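As a plain string of letters, each chain reads:
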Amino acid sequence: MASRRRRREPTINLAPLVDIVFLLVIFFMVTSTFITPETGLPVDLPQAVSGEEEPSGAPTVVVHADGSAYWKGEPVADDELLAALRGVMATDQQGTVILRADRKTPHGRVVQVMDIIRRAGAKRVAIAAVP
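A brief report on the enclosed structure follows. (Residues numbered from 1 in each chain as written. Predicted model: local features only at pLDDT ≥ 70, side-chain atom pairs only at ≥ 80, totals over all residues. Heavy atoms only, no water.)

Helices and strands together make up the secondary structure of the protein chain, namely four helices and five strands. Mapped in sequence order, the helices and strands of the protein chain form the string α-α-β-β-β-α-β-α-β. Among the 131 residues that make up the protein chain, the fraction classed as buried is 29%. The long-range share in the protein chain, meaning contacts at least 24 apart out of those at least 6 apart in sequence, stands at 72%. (Helix = DSSP H or I, 4+ residues; strand = E, 2+ residues; numbered from the N terminus. Buried < 20%, exposed > 50% of the residue type's maximum accessible area, 1.4 Å probe, protein only. Contact = heavy atoms within 4.5 Å.)

Spelled out as structure tokens, the structure:
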């Protein structure tokens, strides 16, 4: 009798592919930086010797040296900033807003933005600085 051989169908082994994809995911996670819109804007913060660590998750307003205000990485007018902050303060339990103002921003503009933050219902304004 003639022996019958079973032919095996060719298959692709996916185990090495899964390993390579997993290594690529780890590589991109490690090499990427986690930048939030608030911390991603280049602002030259003033230095301070004393201070506290800023509260995590608090809403942040950024003011550049030219006086332009940014909310969530986007430039906003004062009335838009007031409306956006009122919406956030309605649900925020702590009532703290972080103000990241460039050291070259005119003092009058910083006070204007602080006033907008307070009118929006913030109980506390935390001014960001470099230790």
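Grouped together as the largest cluster of nonpolar side chains are 18 residues, with contacts concentrated most on Val61, Leu81, Leu85, Val97, Leu99, Val113 and Ile117. In this view, Leu99 contacts Val61, Val63, Val110, Val113, Met114, Ile117, Val125, Ala126, Ile127 and Ala128; residues no more than four positions away in its chain are not counted. (Core = buried A, V, L, I, M, F, W, Y, C linked by side-chain atoms within 4.5 Å.)

Of all six residues that make up strand 4 (residues 96–101), six are buried, and the element is covered over most of its length. Burial of the side chains of strand 4 extends over both faces: Thr96, Ile98 and Arg100 are buried on one face and Val97, Leu99 and Ala101 on the other. Pairing of strand 1 (residues 60–63) with strand 4, which is carried by four bridges, proceeds in the parallel orientation. Looking across to strand 4, one finds that Val62 is bridged to Arg100. (Pairing = 2+ DSSP bridges.)

Attention shifts here to the packing of aromatic side chains. For the structure shown, the criterion picks out one aromatic pair. On the basis of an interplanar angle of 70° and a centroid distance of 5.3 Å, the ring pair of Phe27 and Phe28 is categorised as edge-to-face. Accessibility expressed as a relative area gives 52% for Phe28, which makes it exposed. (Phe/Tyr/Trp six-rings, centres within 6.5 Å; stacked < 30°, edge-to-face > 60°.)

Moving on: the pattern of salt bridges. Under the counting rule described, the total for this entry stands at two salt bridges. With a closest N to O distance of 3.0 Å, Arg109 and Asp78 form a salt bridge. Residue Arg109 is located in helix 4 (residues 107–119), and its partner Asp78 is located in helix 3 (residues 78–91); the two are separated by 31 residues in the primary sequence. Its relative accessible area of 14% is what places Arg109 among the buried residues. (Salt bridge = Lys/Arg side-chain N within 4 Å of Asp/Glu carboxyl O.)

All right, on to the sheet that holds strand 1 then. Spatially, 3-2-1-4-5 is the arrangement adopted by the five strands of the open sheet, whose pairing is mixed. Sheet topology places strand 3 (74–76) and strand 5 (124–127) at the edges, where each strand pairs with a single neighbour. Neighbour to neighbour, the strand axes of the sheet diverge by 35° on average, direction disregarded. Running over the sheet, helix 3 touches strand 1, strand 2 (69–71), strand 3 and strand 4 and is turned about 35° from strand 2. Against the sheet, helix 4 makes contact with strand 1, strand 2, strand 4 and strand 5, and its axis sits at roughly 165° relative to strand 4, the strand it touches most. (Axes fitted to C-alpha atoms, helices over the stretch in contact; angles between N-to-C directions.)

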